[in-house]
Amino acid sequence: MDSKTKCVVSRSFIQAAVLIGTFDVLPVLAEQAVLEETIVTAQKREESLQETPIAITAYTRESLEEMGITGLDGLSKVVPNLNISNSAGYSTNAIINIRGTGQLSNELSRDTSVGVYMDGVPISKTTGSIFDAVDLERIEVLRGPQGTLYGKNTIGGAVNLITVKPTGEFDGKLTVGVGNEDLVTTRGVLDSAAIGEVGEGFGQLSARVSGFSRNRDGFYNNDGPSSKDFDNRDQWGWRGALALDVTDNFRVEYNYDEMTLRQNPPMMAIVTGEGASDNDRPSSIANSSAIEGNLDVSGHALTLTYDMDSTALGDIVFKSITAYRKFDNSYKTDFDGTAKDLLRFTSASDYNQTSQEFQFVGTTERVDWVLGVFLLEDQWDTDNPRWIFQFEGDNHDIDYRASKEESVALFTQATWKPEGFDEKLGITVGGRYTEDKKKVWRRRVNINSYNSPRLGPCSAAGGVYLRGSDGCPILGANGNVQSIRDDDSWSETTPMGIVAWDFNESLNAYAKVTTGFKSGGFNGVAVTEESFRTPFDPETMTTYELGMKSRWFDNRMQLNGAYFYNDFQDLQADIFVPELLAIAVVNAGDAEMQGVELELLAVPTSNLEVGLNLAWLDTDYKEYIENGEDVSNDRVFPYSPEYSYNISTKYTFDPFAFGVLSARLDYSWKDDHHVSVTKNPTQDVEAYGLLEARVTLDSIAVANGSMKLSLWGKNLTDEEYWDVALDVQIATVAQWADPRTYGFEVTYEF
């Protein structure tokens, strides 16, 4: 960290100290200022965020609207040690990293390191996960392994998206917005009046429907023949929710959501030197094959909840969550950053998953417990032909891959408050057992080697396909090469333990040890058969964490903090293996991370709200074995800035006769960081800060409802930086982040 960075971080700590000091001089002004309680469901039951022994950040519907956050996009600006970026060449595929742990690829054969859930249903792949989640009630970000209650592929943490449930009362809301680059947005919600009576006949039925659309031009022009601009938006979706209260203790909920996106691919521009400061963000480039990016996502979820009071095991809530989700996507693009036909490909994927979870959540006088079963089956296939240095020719590589996975898990967790400690001590233990089975298919033709007189189809370099004993391809009835198949299975046990102590009603602390794992698998993009048939094992994480949660000054200030140490074992890495003449995924080594996270929220007066989030992250490879050699000193952690922070302030003016005026400012800053595991200065992201603002005039009485007017802006200083950069051998290409954006919204609520 350079002296400039140290100065910025030190200034942030000084600002926090000054902020805390203001509470001693504002007692009279703050008499009515109190922080509201935030309820979360991170541990499968409703509880106060301040009483949950997890490093968790939660934002309510009101906060999300003020920050302009409608999904995963935007969270990394406000959550400590969370980094969410677009993957290279795609604007809807997320790269999610928490505390230095994440994934670099959205390739479907690679599992995620951070779990994403919507109303308790896993969104198992991050392809298409950057979308507008219509009608959000709350977002919860859980940092650290969640291997007990959430299971596999939460080695870094989990993100919970919780949608609004039907209220049973007739009301609605419509928001219409406009912005630069011809942005037009709409968001609407309609809640119906309940039909029927609880406990009579079929019970009481409530319904809620919501929808959105977003259309705008791209920020960067394409001077080539394939499209007029890059990364435009033509996006829409809707969600329907039904709730049937059969009796006071039995509820049935059904949710359906759907989203469609039609756009041009993002701009991948050639960069040189070291970082954005050595490059000017181009307003346009010429690209020959940036043609389209299409995505269709949908999901069904059926939730049954049955309350059983005063049983032999206490009060029990039984919940069943049955869900089906799918997406289809297709892309036609290239990554060479030029108008020449150098690196062109198309990709079409179909994915679907079926999941079932049964939960028993119990409460007794001394023990809160959870017992559950989880089952998941998913399958997918991808057709991904590639044209390499074809110069308008059609001699392309064939690339097809597919998989079917089955996973089953048993989990339990219990918190005991023993007698004799005035209910200050809480001891939590839990564990989960998971079994995974994967079947995979692969068909790959490396066309240059396949057609080469020197190598040919019988050579290992020819590709991955069904071969005879002589090594030559066995052709199908259609005269084409055939896919090969393989399978494997893995099992893991992930225990956890927590000791918590409540010093008083406003201060508590905890010490915990948690574990998690990311599934084993096969290299879905292997270019040789041996590489494909060499599976890799799960990677595991053990985290040691000390945390504190507190409220001060009569609930006017909230200060939460955590220190963690991660022991990362059997890291899955992409490594070039000379014997295979290909990239293989292997368990390359071990690593350790440690860090500190502080979250401050305060209301010094009834008009003023301020917040400050700080994060420090230190990462180090203990071992990174590549072809028998330890190269740990030459490897780095992607998307893991050493320091980051966010400062926010909101001021609400005293009510006017015609409404209530408020203004909000948010500033987020991230340190220099890498975007790959190898040291490549041309790819690195330099430190940057983003300023956002929103001015709102609310509570304007109109007819039988109220109107709200909002003026907003993002990246107001027009910071030039990129989200991701890719070394494509012939050059480094970068996907520049959005420039300054601004707009105006009108909301009517009744």
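None of the values given here were measured: they were computed from a predicted structure.

Asker: Where do I start with the overall build of the protein chain in this structure?
Answerer: The helix and strand tally for the protein chain stands at four helices and 41 strands. For the protein chain, whose C-alpha radius of gyration is 26 Å, the value lies close to the compact-globule estimate of 27 Å for 750 residues. Overall, the protein chain is about 85 × 60 × 60 Å in size when its C-alpha atoms are taken along their principal axes. Counting only residues that meet the buried cut, the protein chain has 55% of its 750 residues in that class. As presented, the protein chain carries roughly 31,400 Å² of accessible surface, and 54% of it is formed by carbon and sulfur atoms. Both charge centroids of the protein chain, one from 63 positive and one from 113 negative side chains, sit 2 Å from each other.

Asker: Help me understand unusual backbone geometry in this model?
Answerer: If a residue is not glycine, its phi is most likely negative; likewise, a peptide bond is most likely trans. The phi dihedral of D422 is positive, around 55°, even though this residue is not glycine. Residue position: D422 is located in the loop between β25 (398-416) and β26 (425-445). The phi dihedral of A703 falls on the positive side, at around 55°, and the residue is not glycine. Its location among the elements puts A703 in the loop between β37 (688-702) and β38 (705-714).

Asker: It is not clear to me how the environment of R45 should be interpreted in this structure. Could you clarify?
Answerer: In this fold, R45 is placed in the loop between β1 (39-40) and β2 (47-48). The exposure class of R45 is buried, given its relative accessible area of 16%. Note: C-alpha distance between R45 and V317 (272 residues apart in sequence) is 9.3 Å. Beyond its immediate sequence surroundings of up to four residues, R45 is in contact with V40, V361, G362, T363, D368, W369 and V370. At 3.1 Å, the side chain of R45 forms a polar contact with the backbone oxygen of G362. Engagement of the side chain of R45 in a polar contact is seen with the backbone oxygen of W369, the distance being 3.0 Å.

Asker: What is the right way to read the pattern of salt bridges from this model?
Answerer: Under the criterion given, the structure shown has 45 salt bridges. Here E529 makes a salt bridge to R533, at a shortest N to O gap of 2.9 Å. R533 sits in the partly exposed class, given a relative accessible area of 33%. Its salt-bridge partner being E626, residue R635 comes within 2.8 Å of it at the nearest N-O pair. Given the relative accessible area of 18%, E626 is considered buried. In the salt-bridge network here, residues are joined through shared partners; they are E107, R386, D397, D399, R401, R442 and R444.

Asker: So what exactly am I meant to see when it comes to the sheet that holds strand β15 (residues 229-230) here?
Answerer: The strands making up a sheet associate through backbone hydrogen bonding, with each pair oriented either parallel or antiparallel. A sheet is described by the order of its strands in space; here three strands give the open sequence β15-β14-β19, paired in mixed fashion. What marks the edges here is a single partner per strand, and that holds for β15 and β19 (284-285). Inspection of the sheet shows strand β14 (residues 220-222) paired to β15 by two bridges, in the antiparallel sense. Directly across from N221, in β15, lies its bridge partner D229.

Asker: Got a minute to help me understand the sheet that holds strand β6 (residues 101-102) in this structure?
Answerer: A sheet is described by the order of its strands in space; here three strands give the open sequence β4-β5-β6, paired in antiparallel fashion. A strand with exactly one partner marks an edge of an open sheet, and here the two such strands are β4 (82-86) and β6.

Asker: Just checking my understanding: could you explain the nonpolar core for this structure?
Answerer: Across soluble globular proteins, nonpolar side chains show a tendency to be buried alongside one another. Counting residues in hydrophobic clusters, the biggest one holds 35 residues, and the most contacted among them are L75, I139 and L161. Mapped onto this core, the elements with two or more residues apiece are α2 (61-67), β4, β5 (94-98), β7 (114-118), β9 (136-143), β10 (157-163), β17 (250-263) and β20 (292-311). The contact partners of L161, leaving out residues within four places of it in the chain, are L72, V116, Y117, M118, D119, A133, L136, R138 and I139. Core analysis: the second largest hydrophobic core is formed by 32 residues, M267, A290, V685 and V728 among them.

Cut-offs used in this document
- Residues numbered from 1 in each chain as written.
- Predicted model: local features only at pLDDT ≥ 70, side-chain atom pairs only at ≥ 80, totals over all residues.
- Heavy atoms only, no water.
- Helix = DSSP H or I, 4+ residues; strand = E, 2+ residues; numbered from the N terminus.
- Rg over C-alpha atoms; globule rule 2.2 N^0.38 Å.
- Buried < 20%, exposed > 50% of the residue type's maximum accessible area, 1.4 Å probe, protein only.
- Areas by Shrake-Rupley, 256 points an atom, 1.4 Å probe, with all protein chains shown as cover.
- Lys, Arg positive; Asp, Glu negative; His and termini not counted.
- Charge placed at Lys NZ, Arg CZ, Asp CG, Glu CD.
- Contact = heavy atoms within 4.5 Å.
- Polar contact = N/O pair within 3.5 Å; in protein donor to acceptor, adjacent residues only side chain to side chain.
- Salt bridge = Lys/Arg side-chain N within 4 Å of Asp/Glu carboxyl O.
- Pairing = 2+ DSSP bridges.
- Core = buried A, V, L, I, M, F, W, Y, C linked by side-chain atoms within 4.5 Å.

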